[in-house]
Amino acid sequence: MPAKARSRTYSAAYKARVLEEYDGLDKAGKGALLRREGLYTSLISAWRQQRAQAALAALAALAKPAGRPPADPVERENAKLRKDVERLQADLDKARKVIEVQGKLSALLGQLATDSPSTGSEPTR
């Protein structure tokens, strides 16, 4: 039974060296390099993509702004809504107190109206 083939792994330095050499050669030289190293053009294409992605990632890391990261819009909205809820709760408590006082005042005025013997239009002496 034949042994299972293992795929080769290449170091980043090896890939960079081969890509640099490959890019500097003409068509015949490129073919010779691939035969000498036992590589395929698909590997060269994949390595180029990896190199481009690594360069973009390095540039993106440099482009990040210094300082605090921007606030999460959802958290900002939640904080605003919490503040609004607290304000509205305070307003509701005030309104309940006013209604309670008005109720007591109405009851007191009703009690005074039923307790008084005069009609209220004549002054008492």
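Conventions adopted
- Residues numbered from 1 in each chain as written.
- Predicted model: local features only at pLDDT ≥ 70, side-chain atom pairs only at ≥ 80, totals over all residues.
- Heavy atoms only, no water.
- Phe/Tyr/Trp six-rings, centres within 6.5 Å; stacked < 30°, edge-to-face > 60°.
- Helix = DSSP H or I, 4+ residues; strand = E, 2+ residues; numbered from the N terminus.
- Buried < 20%, exposed > 50% of the residue type's maximum accessible area, 1.4 Å probe, protein only.
- Polar contact = N/O pair within 3.5 Å; in protein donor to acceptor, adjacent residues only side chain to side chain.
- Contact = heavy atoms within 4.5 Å.
- Salt bridge = Lys/Arg side-chain N within 4 Å of Asp/Glu carboxyl O.
- Core = buried A, V, L, I, M, F, W, Y, C linked by side-chain atoms within 4.5 Å.

### Focus: the packing of aromatic side chains
According to the stated counting rule, one finds three aromatic pairs in the structure shown. Between the aromatic rings of Tyr-10 and Trp-47, the centroid separation amounts to 5.1 Å while the plane-to-plane angle is 70°, which identifies the pairing as edge-to-face. Here Tyr-10, found in the segment before helix H1 (12–23), pairs with Trp-47, found in helix H3 (residues 41–63); they are 37 residues apart in sequence, far enough to count as distant. Given a relative accessible area of 3%, Trp-47 falls into the buried group. Here Tyr-14 and Trp-47 contribute two aromatic rings whose centre-to-centre distance is 6.1 Å and whose plane-to-plane angle is 80°, an arrangement assigned as edge-to-face. Taken together, the residues Tyr-14 in helix H1 and Trp-47 in helix H3 connect sequence positions 33 residues apart.

### Comments concerning the side chain of Glu-37
Among the structural elements, Glu-37 can be located in helix H2 (residues 27–37). Residue class for Glu-37 comes out buried when judged on its relative accessible area of 18%. Among the polar contacts listed, one links the side chain of Glu-37 to the side chain of Arg-36, at a separation of 3.4 Å. In this view, Glu-37 contacts Arg-8, Tyr-14 and Arg-17; residues no more than four positions away in its chain are not counted.

### So, the pattern of salt bridges
Under the criterion given, the structure shown has eight salt bridges. The residue Glu-21 makes a salt bridge to Arg-36 at a minimum N-O spacing of 3.0 Å. On the criterion of sequence distance, the pair formed by Glu-21 in helix H1 and Arg-36 in helix H2 is long-range, its members being 15 residues apart. Of the charged contacts in the structure, one is a salt bridge between Arg-48 and Asp-23, with a shortest N-O distance of 2.6 Å. Of the two residues, Arg-48 sits in helix H3 while Asp-23 sits in helix H1, which places them 25 residues apart along the sequence. Put simply, Arg-17, Glu-21, Arg-36 and Glu-37 are held in one network by salt bridges that share partners.

### A look at the nonpolar core
Residues Tyr-10, Tyr-14, Val-18, Leu-19, Tyr-22, Leu-33, Leu-34, Leu-39, Ile-44 and Trp-47 constitute the largest nonpolar core, which totals 10 residues. At the level of elements, H1, H2 and H3 are the ones that each hand at least two residues to this core. With four residues, the top contributor of residues to this core is H1. Those residues in contact with Tyr-14 that lie beyond four places of it in its chain are Glu-37, Leu-39 and Trp-47.

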